[in-house]
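Structure at a glance
These are the residues of each chain, in order.
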Amino acid sequence: MKILFASAEAYPLAKVGGLGDVAGSLPKALRALGHDVRIVLPRYGTIQGPHEEVARFSVRTGDARTEAGLRSARIGDVPVYLVDKPDLYDRPKVYEYDDDGKRFGFFCKAILDLIPAADFWPDVIHTNDWHSALVPAFLRSAMAEDPRFRRIGTVLTIHNLLHQGLFPRALFDWLGLPEDLWTPEGAEFYGQLNFMKAGIVCADFVNTVSPTYAKEIQTPEFGEGLDGLLRSRSTKLSGILNGIDYDVWNPAKDPFLAQKYSKSTVDKKRADKAALQKEAGLPLDPKRPLIGYVSRVTAQKGFDILIDALPDILDLGIQFVLLGTGEKKYEDPVSQLARTRSDLIVWLKYDEALAHRIYAGSDFFLMPSKFEPCGLGQMISLRYGTIPIVRSTGGLADTVLDVSQHPSKGNGFAFQDYTREALLEAVQRAARFYEAGKGWKSVVHRGMSADLSWKASALQYVALYEKAHRSVNASET
Ligand code: ADP
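**Regarding the layout of surface pockets**
By volume, the second largest pocket is sized at about 470 Å³. Forming the boundary of the second largest pocket are 19 residues, of which D267, R270, D363, Y434 and W440 lie nearest the centre. Elements with a minimum of two residues in the lining of the second largest pocket: α10 (269-280), α13 (352-361) and α17 (440-449).

What follows is the structure in structure tokens.
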């Protein structure tokens, strides 16, 4: 099949979080299955390189026509189209600008307008999160006259329902979206334009990144105001678990590690723990368990209960390293605690190489998320023989099975309630398991043996693409 994969991030060209990992790796897996997948991204200021301009094209929004450049790059063997519009994208960050609505609204329209210029007519456009979620709406309105566009099916993947892309009505007008979409059943959401909602309404199929999250978002607790809509669309909604990129996340070949290791040489992982302790300035005590944490510093990632539980976690004799950036309201108390506790090291930055060393050098990896669409950290840590401690929600519930409850199948420690006490209890069980030593190696082996690659999930995406393509082509006749 021919698939145009639209995303605001794709590793290594642009990554803020898990979306970047997915967009950098799923297309590679689809290509390995023989499909012609191409990625489309905005050309941010951080995307360096001589990227050849292959065409100039005109993007029509409302009555306006704006010229943009089309550049070509690659991620592995996957061709990448870069939408070049310097005043919108030539900036140091991917998101968090006042004009993000215009930046990504324009991107959505550009994705369609570049197709004739690139002369790449996909069977399916796969849109991801709110940044590209208006594509199906444009496809069924502005482009609907052209039969070549009518044959394109659409899939929207929700990587995180929390971020929906809400903007004033004026943006809806500027983009030239059709008036009949401005209803509570369409793109309107309490008086604002909602990109994600428009995608859920207009895409042929919608999926999320784990089966459990696909169920959760149909409830008021996780639905972020869209649970009713999602329930009404439940027949076109599914969950496909993310995989991880085995080229990037492989302890046997990882160039960032002090010591490479595999399942059969996992004892060598000790050297990575020592190297991490050294790098962090922690005492080189092999007997003390070391917990790693790599994440955005936000409420979603469990910071409310983590900050409350941290002093008690450290009192268990545990060493803790934390790498992340995010909200000041969580960054401040955690770095304040680190100033008074020598066994807590906090790095408030984004550092890809250090993240690899934490995944390899820790004994445990903590993810106490309030909600988690899929989560990659727990999968990466399993692959690195680092035992995850997670709150059982979303993709964490689909990937981590509690060792105490399932001694012969468990691969980590899990807790249910979103409370400081439940988190602490799980960490205590993990610490006791570490001390006892019994069964440690078999749990590590189990984690390292699991297939967390894209192999199975890429096939599920192909099946979804086929359904999306069939749905529009059947209605043609
Ligand atoms: P989310 O997409 O919600 O941020 P995921 O668990 O799906 O969370 O993916 C997070 C990805 O971003 C992982 O690859 C993780 O290693 C990486 N990451 C998060 N914060 C940092 C950081 N400060 N430095 C390096 N990598 C980070």
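**Notes on the state of the cysteines**
One pass over the full model with this rule turns up 0 disulfides. Summary of cysteine pairing: C202 is not part of a disulfide, and the nearest cysteine sulfur, belonging to C108, is at 11 Å.

**What to know about the packing of aromatic side chains**
Taken as a whole and judged by the stated rule, the model has 27 aromatic pairs. Between the aromatic rings of W249 and Y384, the centroid separation amounts to 6.3 Å while the plane-to-plane angle is 75°, which identifies the pairing as edge-to-face. One end of the pair, W249, is in the loop between β12 (237-239) and α10; the other, Y384, is in the loop between α14 (377-383) and β17 (387-391), and 135 residues separate them in sequence. With a relative accessible area of 4%, W249 lands in the buried category. The interplanar angle of 35° and the centroid separation of 5.8 Å between the aromatic rings of F433 and W440 together place this pair among those described as tilted. Judged on exposure class, the residue F433 and its partner W440 are both buried.

**Let's talk about the environment of T157**
Tracing the backbone through its elements, the reader meets T157 in strand β7 (residues 153-158). In this structure, the C-alpha to C-alpha distance between T157 and G447, residues 290 residues apart in sequence, is 27 Å. In contact with T157, not counting residues within four places along its chain, are H126, T127, N128, D129, N207, V209 and Y461.

How each quantity is defined
- Residues numbered from 1 in each chain as written.
- Predicted model: local features only at pLDDT ≥ 70, side-chain atom pairs only at ≥ 80, totals over all residues.
- Heavy atoms only, no water.
- 1 Å grid on protein atoms, 1.4 Å probe; cavity = no way out; pocket = protein on both sides within 12 Å on 5 of 7 lines; lining within 4 Å.
- Points joined across faces, edges and corners; volume = space filled by probe spheres on them.
- Helix = DSSP H or I, 4+ residues; strand = E, 2+ residues; numbered from the N terminus.
- Disulfide = S-S within 2.5 Å.
- Phe/Tyr/Trp six-rings, centres within 6.5 Å; stacked < 30°, edge-to-face > 60°.
- Buried < 20%, exposed > 50% of the residue type's maximum accessible area, 1.4 Å probe, protein only.
- Contact = heavy atoms within 4.5 Å.

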